[in-house]
Amino acid sequence: MCGEKLTIGGARGACNNIFREGYIQYEGRGGEVCKEGSSDRSETTVYSSTSSRDRNRKGLSMASNSLICDTEQWNDLKGHVSEIQKTHLRDLMNDVDRCQSMMVEYDGIILDYSRQRVQQDTIAKLFELAKAAHLREKIDRMYNGERINSTENRSVLHIALRAPRDKVICSDGKNVVPDVWNVLDKIKEFSERVRTGSWVGATGKALKDVVAIGIGGSFLGPLFVQTALQTDPEAAECAKGRQLRFLANVDPIDVARNIKGLDPETTLVVVVSKTFTTAETMLNARTLRQWITASLGSQAVAKHMVAVSTNLTLVKEFGIDPLMLLLFGTGAVGVLPLSLQYGFSIVEKFLSGAHSIDEHFYSTPFEKNIPVLLGLLSVWNVSFLGYPARAILPYSQALEKFAPHIQQVSMESNGKGVSIDGIPLPFETGEIDFGEPGTNGQHSFYQLIHQGRVIPCDFIGVVKSQQPVYLKGEIVNNHDELMSNFFAQPDALAYGKTPEQLLRENVPNHLIPHKTFSGNRPSLSLLLPSLNAYNVGQLLAIYEHRIAVEGFIWGINSFDQWGVELGKSLATQVRKQLNLSRTQRKPVEGFNHSTTTLLTKYLEVDPGIPCETTVLPKM
């Protein structure tokens, strides 16, 4: 990439995913020049930051300093709530036409939102709200490469990170896709060298184990995909004989667990840090560097550690060969460890699945647009019905890490208190996300969901199991047993059980209040055809775009994350105090009474670690 510079920063908000990035800053001469184009959403659409900028900005400028809650459409929905409060889902579900209108299918994925507390006119009013919020224009601006992350002056182009090689996606008049694929090609070439044994460790042994060091989206996104593909037959075959582990927490216990059973001679460490200065990541990187050098010598670092970063100077100072530096964000963050584990062909299918949803989101009318519908329903539940939480309930153990990842993407993106223009918001944004695979969650928190607080639920099911099991003589196979619950739980939440029904079942009077289920609890169902790499990519992209839609409607910046900064800066002061107290026996000073008391108590106990000697986990 001579004569050009592609800068892709750290993860931000709704793009904070396995690709670890969603925004691209393009500087320099390289790449195809994007031409003025139409806004036609055909397969040959050129996403250009100049093609529709003037049209979009004209519509947006008039509302730049106003809040969505001040619009007629918002207030219309506020008034509509009282109509919905008079309805019950057990009655709404009897309207076949309504239910049919609330089922959407795309590429084998079925969305059924008929169990949401909405009528057809509710959806029509939400579409009007989308117009008032300029949702279509905001989507265009994102795809056109405009710098919609205004607080950091960055474009939001995670779509470029999974675009096909021949796609034209522009930022500042330059096609960024060729540069993404330059990095992806390097990932493919390097991962194949490692997997085939042409790249070996310092002692000549093949590197069959990978530890990826990173935090936030650098960790949770790749961990979700790695877990989802572990039991996919094709991916599992490609990963045979290999291990992929993720080291995120600075807690030394996480270090101990990750290196347990590993041999430095056969281990490759991937360090993911945009600036190569993130405190937790770099301490973990130095720890694993020590683990490697203690066994193999300092020269082994060049063979056993690679970096995904933008800071060439610090990478070199760390001891990593600059040839083993990949540009941060151009797909490298999540793709590199996954490609080392499963091979690039599997990763390419994952990227293709995500891209299919990118195209669906951009080109499909809102009435049939899965991410748009999901985003609008979330806004309805949070801002109008007053339900602040969302349960993500995948009926697949392979998706056990999906809820934690979406928790991070959603809450980091939309947990904001001011508009994109810095105006304090008089309404709440964001959702409290949590979840657990079914049927485990049923024996954990479903009690609260059925008879306690009302929490809208996302039920995610899979038609074809990755690992089918059937025992002769059983009524159903194991996957059908699982899916029986997937189909039953949404109806249980919607219909509930009345005292009259319980009386007819001869339930004792004193137990009727305890066994009554109010019902009328909203949920939606997503049914995937299977769970291969392509489907996993689709699922991830659906939720990414859903979260972006919510932010666009609320009028916030879903692509920055200033909320994580304050705690980290205060931790720096504590770190200095701990060093002074440990090494010079200085008393705790400069903190409030509570923190001073706790720190003093903490320091009273000898940690059993000498300050002058390196100590590594003993596991």
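Anything mentioned here points back to the structure above.
A quick note: this is a predicted structure, and the numbers were derived from the prediction, not measured. (Residues numbered from 1 in each chain as written. Predicted model: local features only at pLDDT ≥ 70, side-chain atom pairs only at ≥ 80, totals over all residues. Heavy atoms only, no water.)

**Structural notes on the environment of P529**
Right, on to step 1. By the secondary structure assignment, P529 is in the loop between β15 (523-528) and α22 (533-554).
Right, on to step 2. Spatially, the C-alpha atom of P529 lies 8.6 Å from that of G461, the residues being 68 residues apart in sequence.
Right, on to step 3. Discounting residues that sit within four places of it in the chain, P529 has contacts with D107, G108, I109, V462, V463, K464 and N535. (Helix = DSSP H or I, 4+ residues; strand = E, 2+ residues; numbered from the N terminus. Contact = heavy atoms within 4.5 Å.)

**Overview of the pattern of salt bridges**
Right, on to step 1. The tally for this structure, following the rule as stated, stands at 23 salt bridges.
Right, on to step 2. A salt bridge links K208 to D209; the shortest N-O distance between them is 3.2 Å.
Right, on to step 3. A residue is classified by how much of its surface remains accessible, and K208, at 35% relative accessible area, is partly exposed.
Right, on to step 4. With a relative accessible area of 2%, D209 lands in the buried category.
Right, on to step 5. Taking the shortest distance from any N to any O, the salt bridge between E505 and K497 comes out at 2.8 Å. (Salt bridge = Lys/Arg side-chain N within 4 Å of Asp/Glu carboxyl O. Buried < 20%, exposed > 50% of the residue type's maximum accessible area, 1.4 Å probe, protein only.)

**Quick look at the sheet that holds β15**
Right, on to step 1. Ordered by their spatial adjacency, 6 strands build an open sheet running β3-β4-β15-β14-β12-β13, and the pairing between neighbours is mixed. The outermost strands of the open sheet, each flanked by one partner alone, are β3 (103-106) and β13 (432-435). The average angle at which neighbouring strand axes cross in this sheet is 15°, direction not considered.
Right, on to step 2. Looking at chain direction, strand β12 (residues 389-394) and strand β14 (residues 457-462) are connected through 4 bridges and run parallel. Looking at the pairing, A391 lines up with C457 of β14.
Right, on to step 3. Sheet contacts for helix α19 (residues 478-495): β14 and β15; angle to β14, the most-contacted strand, approximately 155°. (Pairing = 2+ DSSP bridges. Axes fitted to C-alpha atoms, helices over the stretch in contact; angles between N-to-C directions.)

**Focus on the environment of P490**
Right, on to step 1. Take P490: it is sitting in helix α19.
Right, on to step 2. Put simply, P490 and S525 are 35 residues apart on the chain and 7.9 Å apart in space, counted from C-alpha to C-alpha.
Right, on to step 3. Residue contacts for P490: discarding those within four places in its chain leaves R115, F459, N485, S523 and S525.

**A short note on the pairing of strand β9 (residues 267-272)**
Right, on to step 1. By the criterion of burial, β9 is predominantly enclosed, with 6 of the 6 residues buried.
Right, on to step 2. Burial along β9 is two-sided: T267, V269 and V271 facing one way and L268, V270 and V272 facing the other are all buried.
Right, on to step 3. When strand β7 (residues 209-213) meets β9, the two strands line up parallel, connected through 5 bridges. Pairing of V211 across the sheet is with V269, part of β9.
Right, on to step 4. Sheet analysis places β9 next to strand β10 (residues 305-309), joined by 4 bridges and oriented parallel.

**Section: the packing of aromatic side chains**
Right, on to step 1. This structure, assessed with the given rule, holds 17 aromatic pairs.
Right, on to step 2. Measuring from centroid to centroid gives 6.2 Å for Y143 and F361, while their planes differ by 50°, and the two rings are tilted. In this pair, Y143 sits in helix α6 (residues 135-143) while F361 sits in helix α15 (residues 344-363), placing the two residues 218 residues apart along the sequence.
Right, on to step 3. Overall, Y143 belongs to the buried group, its relative accessible area being 0%.
Right, on to step 4. On the basis of relative accessibility, which here comes to 0%, the residue F361 falls in the buried class.
Right, on to step 5. On the numbers, 6.4 Å between centres and 75° between planes, the contact of W181 with F344 is edge-to-face. (Phe/Tyr/Trp six-rings, centres within 6.5 Å; stacked < 30°, edge-to-face > 60°.)

**Observations regarding α15**
Right, on to step 1. Here α15 contains 20 residues, and its C-alpha end-to-end distance of 28 Å stays within 8% of the 28 Å for a straight helix at 1.5 Å per residue.
Right, on to step 2. Across the 20 residues that make up α15, a large majority, 15, are buried. (Expected span 1.5 Å × (residues − 1).)

**As for the side chain of N557**
Right, on to step 1. Position of N557 among the secondary structure elements: in the loop between α22 and α23 (565-584).
Right, on to step 2. Among the polar contacts listed, one links the side chain of N557 to the side chain of D560, at a separation of 3.3 Å. (Polar contact = N/O pair within 3.5 Å; in protein donor to acceptor, adjacent residues only side chain to side chain.)

**Overview of the environment of G461**
Right, on to step 1. Along the chain, G461 turns up in strand β14.
Right, on to step 2. Along the backbone, G461 and S525 are 64 residues apart, and their C-alpha atoms lie at a distance of 7.6 Å.
Right, on to step 3. When neighbours within four sequence positions are excluded, G461 is seen to be in contact with M483, F486, L526, L527 and L528.

**A word on the pairing of β13**
Right, on to step 1. Across 4 bridges, β12 lies against β13 in parallel orientation. Each bridged residue has a counterpart across the sheet, and for A389 the counterpart in β13 is I432.
Right, on to step 2. Handedness of the crossover joining β12 and β13 through helix α17 (residues 402-414): right-handed. (Right-handed = clockwise from strand over helix to strand, strands pointing away.)

**Some details on the packing of α17 against α22**
Right, on to step 1. Following both chains from N to C, one finds α17 and α22 inclined at 20°, their axes separated by 10 Å at the closest point. What the angle tells us is that α17 and α22 run roughly parallel. Judged by the sense of rotation from one axis to the other, the crossing of α17 with α22 is right-handed. Mapping the contact onto sequence places F402, H405, I406, V409, S410, S413 and N414 in α17 and L539, L540, Y543, I547, E550, G551 and W554 in α22.
Right, on to step 2. Taken together, the residues that form the contact of α17 with α22 break down as 8 nonpolar, 5 polar and 1 charged. (Parallel < 35°, antiparallel > 145°, perpendicular 65-115°, else oblique. Left-handed = near helix turned anticlockwise from the far one by under 90°. Nonpolar A, V, L, I, M, F, W, Y, C, P; charged D, E, K, R; others polar.)

**Remarks on the packing of helix α5 (residues 120-132) against helix α16 (residues 370-384)**
Right, on to step 1. Look at α5 against α16: their axes get within 10 Å of each other, and the N-to-C directions meet at 100°. Viewed along their axes, α5 and α16 adopt a mutual orientation that is roughly perpendicular. In this structure, α5 contributes T122, I123, L126, F127, L129 and A130 to the contact, and α16 contributes L373, L376, L377, V379, W380 and F384.
Right, on to step 2. Of the residues belonging to the contact of α5 with α16, the class tally is 11 nonpolar, 1 polar and no charged.

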